[in-house]
2 protein chains.
Amino acid sequence: MNIITISREFGSGGRELGKRISDILGYSYYDREIISAVADKHDFDERYVEQVLESAFPISVPISYGKTFSYADATGQQALELLTSQCSFLKEAAEKNNCVIVGRSANIILEDMNPLNIFVYADMESKMKRCRSRAAEGETYTDNQLKRKIRQIDAGRARHQRFLSDKKWGDKAGYNLCINTSNLEIKAIAPIVADFAKHCFESDVK
Amino acid sequence: MNIITISREFGSGGRELGKRISDILGYSYYDREIISAVADKHDFDERYVEQVLESAFPISVPISYGKTFSYADATGQQALELLTSQCSFLKEAAEKNNCVIVGRSANIILEDMNPLNIFVYADMESKMKRCRSRAAEGETYTDNQLKRKIRQIDAGRARHQRFLSDKKWGDKAGYNLCINTSNLEIKAIAPIVADFAKHCFESDVK
(Lines give C-alpha, C1' and ligand atoms only; values in the text may rest on other atoms or scores of the structure.)
Protein backbone atom coordinates (compact mmCIF):
# COMPACT_ATOMS: atom_id res chain seq x y z
CA MET A 1 0.00 0.00 0.00
CA ASN A 2 1.07 3.60 -0.59
CA ILE A 3 1.04 5.49 2.68
CA ILE A 4 1.65 9.22 3.04
CA THR A 5 2.01 10.69 6.51
CA ILE A 6 1.77 14.41 7.12
CA SER A 7 3.33 15.86 10.27
CA ARG A 8 2.88 19.58 10.68
CA GLU A 9 3.35 22.65 12.79
CA PHE A 10 0.06 24.06 14.04
CA GLY A 11 -1.23 26.67 11.60
CA SER A 12 1.01 25.63 8.71
CA GLY A 13 -1.80 24.25 6.56
CA GLY A 14 -0.67 20.63 6.84
CA ARG A 15 -4.15 19.28 7.30
CA GLU A 16 -5.47 21.06 4.20
CA LEU A 17 -2.45 19.87 2.24
CA GLY A 18 -3.08 16.27 3.32
CA LYS A 19 -6.75 16.45 2.39
CA ARG A 20 -6.03 17.92 -1.02
CA ILE A 21 -3.29 15.36 -1.77
CA SER A 22 -5.67 12.52 -0.87
CA ASP A 23 -8.31 14.00 -3.21
CA ILE A 24 -5.82 14.37 -6.07
CA LEU A 25 -4.43 10.84 -5.70
CA GLY A 26 -7.76 9.22 -4.83
CA TYR A 27 -6.34 7.92 -1.53
CA SER A 28 -8.27 7.49 1.71
CA TYR A 29 -7.81 10.28 4.21
CA TYR A 30 -7.42 9.87 7.98
CA ASP A 31 -7.15 12.53 10.57
CA ARG A 32 -9.89 12.87 13.19
CA GLU A 33 -11.37 9.60 11.88
CA ILE A 34 -8.80 7.74 13.95
CA ILE A 35 -9.78 9.60 17.12
CA SER A 36 -13.47 8.90 16.44
CA ALA A 37 -12.73 5.19 16.02
CA VAL A 38 -10.75 5.05 19.28
CA ALA A 39 -13.46 7.02 21.12
CA ASP A 40 -16.17 4.69 19.76
CA LYS A 41 -14.28 1.57 20.78
CA HIS A 42 -13.71 2.74 24.35
CA ASP A 43 -17.02 4.57 24.58
CA PHE A 44 -15.38 7.87 25.49
CA ASP A 45 -16.03 11.40 24.33
CA GLU A 46 -13.92 12.30 21.27
CA ARG A 47 -12.59 15.45 22.87
CA TYR A 48 -11.46 13.49 25.90
CA VAL A 49 -9.69 10.90 23.72
CA GLU A 50 -7.98 13.64 21.75
CA GLN A 51 -6.85 15.37 24.90
CA VAL A 52 -5.51 12.19 26.46
CA LEU A 53 -3.71 11.09 23.29
CA GLU A 54 -2.10 14.47 22.76
CA SER A 55 -1.22 15.52 26.25
CA ALA A 56 -1.05 12.56 28.62
CA PHE A 57 2.56 11.74 27.81
CA PRO A 58 5.03 11.08 29.25
CA ILE A 59 3.14 10.49 32.52
CA SER A 60 2.14 7.11 31.18
CA VAL A 61 5.66 5.70 31.07
CA PRO A 62 5.65 2.31 32.79
CA ILE A 63 7.70 2.23 35.99
CA SER A 64 9.66 -0.94 36.82
CA TYR A 65 9.72 -2.39 40.33
CA GLY A 66 12.02 -5.39 40.27
CA LYS A 67 10.34 -7.99 38.10
CA THR A 68 6.96 -6.28 38.02
CA PHE A 69 5.98 -2.91 36.66
CA SER A 70 3.14 -0.50 37.17
CA TYR A 71 2.03 2.81 35.69
CA ALA A 72 2.41 6.28 37.10
CA ASP A 73 -1.36 6.47 37.61
CA ALA A 74 -4.66 5.21 36.23
CA THR A 75 -4.83 7.96 33.63
CA GLY A 76 -1.42 6.82 32.42
CA GLN A 77 -2.68 3.28 31.95
CA GLN A 78 -5.77 4.55 30.17
CA ALA A 79 -3.59 6.68 27.94
CA LEU A 80 -1.56 3.62 26.98
CA GLU A 81 -4.73 1.69 26.16
CA LEU A 82 -5.98 4.52 23.97
CA LEU A 83 -2.60 4.78 22.30
CA THR A 84 -2.58 1.05 21.64
CA SER A 85 -6.01 1.31 20.03
CA GLN A 86 -4.79 4.21 17.93
CA CYS A 87 -1.86 2.07 16.73
CA SER A 88 -4.23 -0.76 15.78
CA PHE A 89 -6.59 1.52 13.87
CA LEU A 90 -3.71 3.19 12.04
CA LYS A 91 -2.21 -0.14 11.00
CA GLU A 92 -5.57 -1.52 9.95
CA ALA A 93 -6.27 1.56 7.83
CA ALA A 94 -2.82 1.49 6.23
CA GLU A 95 -3.09 -2.22 5.38
CA LYS A 96 -6.45 -1.72 3.71
CA ASN A 97 -6.01 1.33 1.49
CA ASN A 98 -3.58 3.70 -0.13
CA CYS A 99 -3.94 6.56 2.31
CA VAL A 100 -2.91 9.96 3.62
CA ILE A 101 -2.74 10.23 7.41
CA VAL A 102 -2.41 13.61 9.08
CA GLY A 103 -0.78 13.68 12.52
CA ARG A 104 -1.28 10.86 15.04
CA SER A 105 2.47 10.11 14.90
CA ALA A 106 1.69 7.88 11.94
CA ASN A 107 5.22 8.45 10.60
CA ILE A 108 6.54 6.60 13.66
CA ILE A 109 3.76 4.07 14.25
CA LEU A 110 3.75 2.91 10.62
CA GLU A 111 7.54 3.08 10.20
CA ASP A 112 7.78 -0.61 9.27
CA MET A 113 5.36 -0.05 6.39
CA ASN A 114 7.79 2.41 4.79
CA PRO A 115 5.50 5.42 4.45
CA LEU A 116 6.35 8.63 2.58
CA ASN A 117 6.80 11.16 5.38
CA ILE A 118 6.11 14.85 4.79
CA PHE A 119 6.65 17.66 7.29
CA VAL A 120 4.80 20.95 6.81
CA TYR A 121 6.00 24.12 8.55
CA ALA A 122 5.89 27.88 8.24
CA ASP A 123 7.14 31.06 9.91
CA MET A 124 5.22 32.32 12.94
CA GLU A 125 3.64 35.28 11.13
CA SER A 126 2.25 33.07 8.43
CA LYS A 127 0.92 30.52 10.96
CA MET A 128 -0.79 33.25 12.96
CA LYS A 129 -2.40 34.63 9.81
CA ARG A 130 -3.70 31.17 8.89
CA CYS A 131 -5.03 30.59 12.43
CA ARG A 132 -6.82 33.95 12.45
CA SER A 133 -8.43 33.30 9.08
CA ARG A 134 -9.91 30.08 10.46
CA ALA A 135 -10.72 31.21 13.99
CA ALA A 136 -14.10 30.34 15.46
CA GLU A 137 -16.45 33.30 15.77
CA GLY A 138 -15.80 35.24 18.95
CA GLU A 139 -12.23 33.91 19.37
CA THR A 140 -10.20 36.78 20.79
CA TYR A 141 -6.60 35.72 21.25
CA THR A 142 -4.06 38.52 21.47
CA ASP A 143 -0.98 38.04 19.30
CA ASN A 144 1.01 36.84 22.28
CA GLN A 145 -1.70 34.41 23.37
CA LEU A 146 -1.93 33.00 19.85
CA LYS A 147 1.85 32.58 19.61
CA ARG A 148 1.85 30.81 22.96
CA LYS A 149 -0.97 28.50 21.84
CA ILE A 150 0.87 27.59 18.62
CA ARG A 151 4.10 26.90 20.52
CA GLN A 152 2.31 24.84 23.16
CA ILE A 153 0.55 22.63 20.62
CA ASP A 154 3.78 22.02 18.74
CA ALA A 155 5.64 21.29 21.99
CA GLY A 156 2.95 18.69 22.75
CA ARG A 157 3.45 17.07 19.37
CA ALA A 158 7.20 16.97 19.87
CA ARG A 159 6.75 15.48 23.35
CA HIS A 160 4.36 12.87 22.00
CA GLN A 161 6.85 11.73 19.38
CA ARG A 162 9.63 11.67 21.99
CA PHE A 163 7.53 9.19 23.91
CA LEU A 164 7.32 6.88 20.89
CA SER A 165 10.69 7.24 19.20
CA ASP A 166 14.26 8.51 19.31
CA LYS A 167 13.56 10.41 16.11
CA LYS A 168 13.03 14.08 16.85
CA TRP A 169 9.75 15.64 15.74
CA GLY A 170 10.43 18.12 12.93
CA ASP A 171 14.02 16.98 12.34
CA LYS A 172 14.24 16.82 8.57
CA ALA A 173 16.25 13.58 8.67
CA GLY A 174 13.03 11.72 9.53
CA TYR A 175 11.05 13.00 6.54
CA ASN A 176 11.22 12.64 2.78
CA LEU A 177 10.10 16.19 2.12
CA CYS A 178 9.78 19.30 4.31
CA ILE A 179 7.70 22.14 2.94
CA ASN A 180 7.71 25.69 4.22
CA THR A 181 4.22 26.99 3.42
CA SER A 182 4.87 30.61 4.48
CA ASN A 183 2.87 32.80 2.09
CA LEU A 184 1.99 29.85 -0.12
CA GLU A 185 -1.49 28.86 -1.15
CA ILE A 186 -1.94 25.22 -0.16
CA LYS A 187 -4.34 24.63 -3.04
CA ALA A 188 -1.63 25.58 -5.54
CA ILE A 189 1.16 23.45 -4.12
CA ALA A 190 -0.90 20.32 -3.41
CA PRO A 191 -0.66 19.00 -7.01
CA ILE A 192 3.12 19.47 -6.95
CA VAL A 193 3.49 17.54 -3.69
CA ALA A 194 1.13 14.85 -5.01
CA ASP A 195 3.41 14.58 -8.06
CA PHE A 196 6.42 14.09 -5.83
CA ALA A 197 4.63 11.36 -3.88
CA LYS A 198 3.49 9.65 -7.08
CA HIS A 199 7.03 9.66 -8.38
CA CYS A 200 8.37 8.14 -5.15
CA PHE A 201 5.79 5.34 -5.21
CA GLU A 202 6.19 4.64 -8.92
CA SER A 203 9.96 4.51 -8.74
CA ASP A 204 9.60 2.03 -5.94
CA VAL A 205 11.46 4.20 -3.44
CA LYS A 206 8.43 3.75 -1.23
CA MET B 1 15.04 38.43 -10.76
CA ASN B 2 14.16 34.86 -9.76
CA ILE B 3 16.95 33.39 -7.68
CA ILE B 4 17.12 29.76 -6.52
CA THR B 5 19.81 28.76 -4.06
CA ILE B 6 20.69 25.14 -3.42
CA SER B 7 22.41 24.19 -0.18
CA ARG B 8 23.25 20.53 0.15
CA GLU B 9 24.87 17.79 2.11
CA PHE B 10 27.91 16.34 0.35
CA GLY B 11 26.85 13.38 -1.80
CA SER B 12 23.14 14.18 -1.75
CA GLY B 13 22.95 15.12 -5.44
CA GLY B 14 22.27 18.81 -4.80
CA ARG B 15 24.61 19.98 -7.53
CA GLU B 16 22.98 17.74 -10.15
CA LEU B 17 19.55 18.87 -8.99
CA GLY B 18 20.55 22.53 -9.32
CA LYS B 19 21.97 22.02 -12.81
CA ARG B 20 18.87 20.18 -13.98
CA ILE B 21 16.51 22.79 -12.53
CA SER B 22 18.44 25.56 -14.28
CA ASP B 23 18.19 23.65 -17.57
CA ILE B 24 14.45 23.08 -17.17
CA LEU B 25 13.70 26.71 -16.26
CA GLY B 26 16.24 28.23 -18.66
CA TYR B 27 18.01 29.99 -15.77
CA SER B 28 21.72 30.71 -15.51
CA TYR B 29 23.67 28.27 -13.36
CA TYR B 30 26.46 29.17 -10.95
CA ASP B 31 28.61 26.87 -8.91
CA ARG B 32 32.34 26.70 -9.58
CA GLU B 33 31.94 29.66 -11.94
CA ILE B 34 31.98 31.94 -8.91
CA ILE B 35 35.25 30.45 -7.66
CA SER B 36 36.80 30.82 -11.11
CA ALA B 37 35.77 34.48 -11.22
CA VAL B 38 37.25 35.16 -7.78
CA ALA B 39 40.45 33.29 -8.67
CA ASP B 40 40.80 35.25 -11.92
CA LYS B 41 40.30 38.57 -10.20
CA HIS B 42 42.93 37.91 -7.55
CA ASP B 43 45.20 35.93 -9.86
CA PHE B 44 45.19 32.87 -7.61
CA ASP B 45 44.86 29.21 -8.36
CA GLU B 46 41.22 28.05 -8.29
CA ARG B 47 41.94 25.21 -5.90
CA TYR B 48 43.61 27.63 -3.50
CA VAL B 49 40.63 30.01 -3.63
CA GLU B 50 38.22 27.15 -3.04
CA GLN B 51 40.24 25.93 -0.10
CA VAL B 52 40.51 29.35 1.48
CA LEU B 53 36.83 30.14 0.99
CA GLU B 54 35.70 26.86 2.44
CA SER B 55 38.09 26.36 5.30
CA ALA B 56 39.73 29.60 6.40
CA PHE B 57 36.92 30.57 8.77
CA PRO B 58 36.61 31.64 11.51
CA ILE B 59 40.33 32.50 11.79
CA SER B 60 39.56 35.57 9.70
CA VAL B 61 37.43 37.27 12.33
CA PRO B 62 38.69 40.83 12.87
CA ILE B 63 40.12 41.42 16.35
CA SER B 64 39.51 44.81 18.00
CA TYR B 65 42.29 46.65 19.85
CA GLY B 66 40.77 49.78 21.34
CA LYS B 67 39.77 51.95 18.42
CA THR B 68 41.73 50.04 15.83
CA PHE B 69 41.36 46.45 14.69
CA SER B 70 43.54 43.93 12.98
CA TYR B 71 43.22 40.39 11.65
CA ALA B 72 44.33 37.17 13.18
CA ASP B 73 46.90 36.77 10.40
CA ALA B 74 47.55 37.64 6.78
CA THR B 75 45.70 34.54 5.54
CA GLY B 76 42.69 35.74 7.52
CA GLN B 77 42.78 39.09 5.76
CA GLN B 78 43.19 37.39 2.41
CA ALA B 79 40.24 35.12 3.20
CA LEU B 80 38.09 38.15 3.92
CA GLU B 81 39.11 39.75 0.63
CA LEU B 82 38.25 36.59 -1.28
CA LEU B 83 34.95 36.32 0.55
CA THR B 84 34.16 39.94 -0.29
CA SER B 85 34.86 39.26 -3.95
CA GLN B 86 32.63 36.19 -3.81
CA CYS B 87 29.80 38.33 -2.40
CA SER B 88 30.22 40.87 -5.19
CA PHE B 89 30.22 38.23 -7.92
CA LEU B 90 27.15 36.53 -6.45
CA LYS B 91 25.22 39.79 -6.24
CA GLU B 92 26.24 40.82 -9.73
CA ALA B 93 25.13 37.46 -11.13
CA ALA B 94 21.82 37.56 -9.27
CA GLU B 95 21.04 41.09 -10.42
CA LYS B 96 21.70 40.20 -14.05
CA ASN B 97 19.83 36.91 -14.57
CA ASN B 98 17.26 34.51 -13.25
CA CYS B 99 19.62 31.97 -11.79
CA VAL B 100 20.29 28.83 -9.78
CA ILE B 101 23.29 29.04 -7.44
CA VAL B 102 24.67 25.92 -5.80
CA GLY B 103 26.49 26.39 -2.51
CA ARG B 104 28.67 29.45 -1.83
CA SER B 105 26.33 30.41 1.05
CA ALA B 106 24.23 32.20 -1.56
CA ASN B 107 21.12 31.70 0.60
CA ILE B 108 22.71 34.01 3.20
CA ILE B 109 24.65 36.39 0.99
CA LEU B 110 21.64 37.10 -1.26
CA GLU B 111 19.11 37.13 1.60
CA ASP B 112 17.97 40.68 0.80
CA MET B 113 17.07 39.62 -2.74
CA ASN B 114 14.53 37.11 -1.39
CA PRO B 115 15.78 33.93 -3.06
CA LEU B 116 13.98 30.60 -3.05
CA ASN B 117 16.13 28.46 -0.78
CA ILE B 118 16.29 24.69 -1.21
CA PHE B 119 18.17 22.25 1.01
CA VAL B 120 19.07 18.82 -0.36
CA TYR B 121 19.99 15.98 1.99
CA ALA B 122 20.06 12.20 2.20
CA ASP B 123 20.87 9.36 4.54
CA MET B 124 24.52 8.36 4.89
CA GLU B 125 24.17 5.10 2.95
CA SER B 126 22.67 6.88 -0.01
CA LYS B 127 25.32 9.63 0.06
CA MET B 128 28.12 7.05 0.17
CA LYS B 129 26.61 5.22 -2.78
CA ARG B 130 26.38 8.44 -4.80
CA CYS B 131 29.98 9.36 -3.90
CA ARG B 132 31.28 5.94 -4.93
CA SER B 133 29.45 6.05 -8.25
CA ARG B 134 31.24 9.32 -9.03
CA ALA B 135 34.62 8.61 -7.53
CA ALA B 136 37.71 9.43 -9.55
CA GLU B 137 39.53 6.42 -10.90
CA GLY B 138 41.84 4.90 -8.31
CA GLU B 139 40.04 6.50 -5.35
CA THR B 140 40.21 3.99 -2.54
CA TYR B 141 38.38 5.29 0.50
CA THR B 142 37.27 2.72 3.02
CA ASP B 143 33.67 3.11 4.23
CA ASN B 144 34.86 4.79 7.41
CA GLN B 145 37.14 7.17 5.53
CA LEU B 146 34.36 8.11 3.15
CA LYS B 147 31.91 8.72 6.02
CA ARG B 148 34.51 10.89 7.73
CA LYS B 149 35.10 12.86 4.52
CA ILE B 150 31.37 13.47 4.06
CA ARG B 151 30.97 14.61 7.67
CA GLN B 152 34.03 16.85 7.47
CA ILE B 153 32.87 18.61 4.33
CA ASP B 154 29.40 19.20 5.79
CA ALA B 155 30.92 20.44 9.06
CA GLY B 156 32.95 22.94 7.00
CA ARG B 157 29.79 24.15 5.26
CA ALA B 158 28.02 24.56 8.58
CA ARG B 159 31.00 26.45 10.01
CA HIS B 160 31.14 28.70 7.00
CA GLN B 161 27.48 29.65 7.35
CA ARG B 162 27.99 30.23 11.10
CA PHE B 163 30.62 32.78 10.20
CA LEU B 164 28.14 34.67 8.01
CA SER B 165 24.83 34.32 9.81
CA ASP B 166 22.91 33.33 12.91
CA LYS B 167 20.84 30.97 10.76
CA LYS B 168 21.99 27.41 11.20
CA TRP B 169 23.10 25.51 8.10
CA GLY B 170 20.58 22.76 7.36
CA ASP B 171 17.93 24.04 9.79
CA LYS B 172 14.74 23.74 7.78
CA ALA B 173 13.43 27.09 9.06
CA GLY B 174 15.89 28.82 6.73
CA TYR B 175 14.70 27.04 3.57
CA ASN B 176 11.54 26.94 1.49
CA LEU B 177 11.89 23.28 0.65
CA CYS B 178 14.04 20.46 2.04
CA ILE B 179 14.32 17.34 -0.09
CA ASN B 180 15.58 13.99 1.08
CA THR B 181 17.07 12.38 -2.04
CA SER B 182 17.77 8.97 -0.44
CA ASN B 183 17.13 6.38 -3.17
CA LEU B 184 15.67 8.97 -5.50
CA GLU B 185 16.81 9.61 -9.03
CA ILE B 186 17.65 13.30 -9.29
CA LYS B 187 16.68 13.37 -12.95
CA ALA B 188 13.14 12.32 -12.08
CA ILE B 189 12.51 14.78 -9.27
CA ALA B 190 14.11 17.83 -10.92
CA PRO B 191 10.96 18.70 -12.95
CA ILE B 192 8.84 18.50 -9.79
CA VAL B 193 11.13 20.82 -7.87
CA ALA B 194 11.27 23.17 -10.86
CA ASP B 195 7.46 23.21 -10.81
CA PHE B 196 7.47 24.15 -7.16
CA ALA B 197 9.91 26.99 -7.82
CA LYS B 198 7.89 28.23 -10.79
CA HIS B 199 4.75 28.27 -8.68
CA CYS B 200 6.51 30.26 -5.93
CA PHE B 201 7.79 32.85 -8.38
CA GLU B 202 4.51 33.12 -10.29
CA SER B 203 2.45 33.50 -7.15
CA ASP B 204 4.79 36.30 -6.15
CA VAL B 205 5.83 34.61 -2.94
CA LYS B 206 9.37 35.14 -4.15
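Everything that follows concerns the structure shown earlier in this document.
Cut-offs and rules
Residues numbered from 1 in each chain as written. Chains lettered and ligands numbered in written order. Predicted model: local features only at pLDDT ≥ 70, side-chain atom pairs only at ≥ 80, totals over all residues. Helix = DSSP H or I, 4+ residues; strand = E, 2+ residues; numbered from the N terminus. Buried ≥ 20, exposed ≤ 12 C-beta atoms within 10 Å, placed from the backbone. Contact = placed C-beta atoms within 7 Å. Nonpolar A, V, L, I, M, F, W, Y, C, P; charged D, E, K, R; others polar. Least-squares fit on C-alpha atoms with pLDDT ≥ 70 in both. Expected span 1.5 Å × (residues − 1). Arc of directions from axis to C-beta. Pairing = 2+ DSSP bridges. Axes fitted to C-alpha atoms, helices over the stretch in contact; angles between N-to-C directions. Parallel < 35°, antiparallel > 145°, perpendicular 65-115°, else oblique. Left-handed = near helix turned anticlockwise from the far one by under 90°. Core = buried A, V, L, I, M, F, W, Y, C linked by C-beta atoms within 7 Å.

*Asks:* Explain the overall build of chain A here, please?
*Replies:* Counting its secondary structure elements, chain A contains eight helices and seven strands. The buried share of chain A, taken over its 206 residues, is 42%. For chain A, the share of sequence-separated contacts (at least 6 apart) that also reach a separation of at least 24 residues comes to 69%.

*Asks:* Teacher, can you tell me more about the interface of chain A and chain B here?
*Replies:* In many reports, interface size means the accessible area that the parts give up when they come together. Tallying the contact residues gives 19 residues for chain A and 19 residues for chain B. When residues of the side of chain A that touches chain B are traced back to their parent elements, those giving at least two are strand E7 (177–180) and helix H8 (186–202) of chain A. For the side of chain A that touches chain B, the leading source of residues is H8 of chain A, giving six residues. Looking at the side of chain A that touches chain B residue by residue, the class counts come to 11 nonpolar, five polar and three charged.

*Asks:* Quick question: what am I supposed to make of the relation of the copies chain A and chain B here?
*Replies:* Put simply, the two copies of the chain differ by a rotation about an axis and a shift along that axis. The transformation that overlays chain A on chain B combines an axial shift of 0.0 Å with a rotation of 180 degrees, and the residual RMSD is 0.0 Å. Both chain copies can therefore be described as sitting about a two-fold axis. By C-alpha distance to the rotation axis, the residue of chain A lying nearest is Cys-178 of chain A, at 2.5 Å.

*Asks:* What is the right way to read helix H7 (residues 143–164) of chain B from this model?
*Replies:* For the α-helix, the turn length of 3.6 residues means that residues three or four positions removed from each other point alike. Residue and element names in this part refer to chain B. Between its terminal C-alpha atoms H7 stretches 32 Å, which fits the 32 Å expected from 22 residues at 1.5 Å a residue. Three or more residues of H7 are buried, namely Ile-150, His-160 and Gln-161. Down the axis of H7, the smallest arc covering the buried residues is 100 degrees, so these residues share one side. In this structure, H7 carries Asn-144, Gln-145, Arg-148, Gln-152 and Ala-155 as exposed residues pointing more than 90 degrees from its buried face.

*Asks:* How do you make sense of the sheet that holds strand E7 (residues 177–180) of chain B when you look at a structure like this?
*Replies:* What holds strands together in a sheet is hydrogen bonding between their backbones, with the strands either parallel or antiparallel. The strand order across the open sheet built from 10 strands is E2(A)-E5(A)-E1(A)-E6(A)-E7(A)-E7(B)-E6(B)-E1(B)-E5(B)-E2(B), with neighbouring strands paired in mixed fashion. Looking at the sheet topology across the chains shown, the edges are occupied by strand E2 (28–30) of chain A together with strand E2 (28–30) of chain B. Taken pair by pair, the neighbouring strands of this sheet meet at an average axis angle of 15 degrees, ignoring direction. In this structure, E7 of chain A lies alongside E7 of chain B, joined through three bridges in antiparallel fashion.

*Asks:* Can you help me understand the packing of helix H1 (residues 14–25) of chain B against helix H8 (residues 186–202) of chain B in this one?
*Replies:* Residues and elements named next belong to chain B. Packing of H1 against H8 brings their axes to within 9 Å, and their N-to-C directions diverge by 60 degrees. With respect to their mutual orientation, H1 and H8 come out oblique. H8 is crossed by H1, and the crossing has right-handed handedness. Note on element contacts: H8 touches H1 through Ile-186, Lys-187, Ala-190, Pro-191, Val-193, Ala-194, Ala-197 and Lys-198, opposite Glu-16, Leu-17, Arg-20, Ile-21, Ile-24 and Leu-25. The residue makeup of the contact of H1 with H8, split by class, is 10 nonpolar, no polar and four charged.

*Asks:* Whenever I open this one, the pairing of strand E6 (residues 116–121) of chain A confuses me. Can you help?
*Replies:* Two faces, one strand: in a regular strand the side chains alternate between the faces of the sheet. Residues and elements named next belong to chain A. In terms of residue burial, E6 counts as a mostly covered element, since six of its six residues are buried. Along E6, one buried face is formed by Leu-116, Ile-118 and Val-120 and the opposite face, lined by Asn-117, Phe-119 and Tyr-121, is buried too. In the sheet, strand E1 (residues 3–8) pairs with E6 via five bridges, with the strands oriented parallel. Across the sheet, Arg-8 pairs through a bridge with Val-120, a residue of E6.

*Asks:* Could you clarify how one ought to interpret the nonpolar core in this entry?
*Replies:* It is characteristic of soluble globular proteins that their nonpolar side chains tend to be buried jointly. Of all hydrophobic cores here, the largest spans 102 residues; its most connected members are Ile-118 and Val-193 of chain A together with Ile-118 and Val-193 of chain B. With near-sequence residues (within four places) excluded, Ile-118 of chain B lies in contact with Ile-4, Thr-5, Ile-6, Tyr-175, Asn-176, Leu-177, Ile-179 and Val-193 of chain B.

*Asks:* How do you make sense of the pairing of strand E5 (residues 99–102) of chain B when you look at a structure like this?
*Replies:* All names here are of chain B. Judged by which residues are buried, E5 turns out to be covered on both faces: Cys-99 and Ile-101 on one side and Val-100 and Val-102 on the other are all buried. The pairing of strand E1 (residues 3–8) with E5 spans four bridges and is classified as parallel. Its bridge partner lying in E5, Thr-5 is registered against Ile-101. The pairing of E2 with E5 spans three bridges and is parallel. Bridged to Tyr-29 within E5 is Val-100.

*Asks:* Help me understand the environment of Lys-91 of chain A in this model?
*Replies:* Residues and elements named next belong to chain A. Relative to the helices and strands, Lys-91 resides in helix H4 (residues 74–96). Judged by the 15 C-beta atoms lying within 10 Å of it, Lys-91 is partly exposed. In this structure, the C-alpha to C-alpha distance between Lys-91 and Phe-196, residues 105 residues apart in sequence, is 24 Å.

Just distances and angles here, no functional claims.
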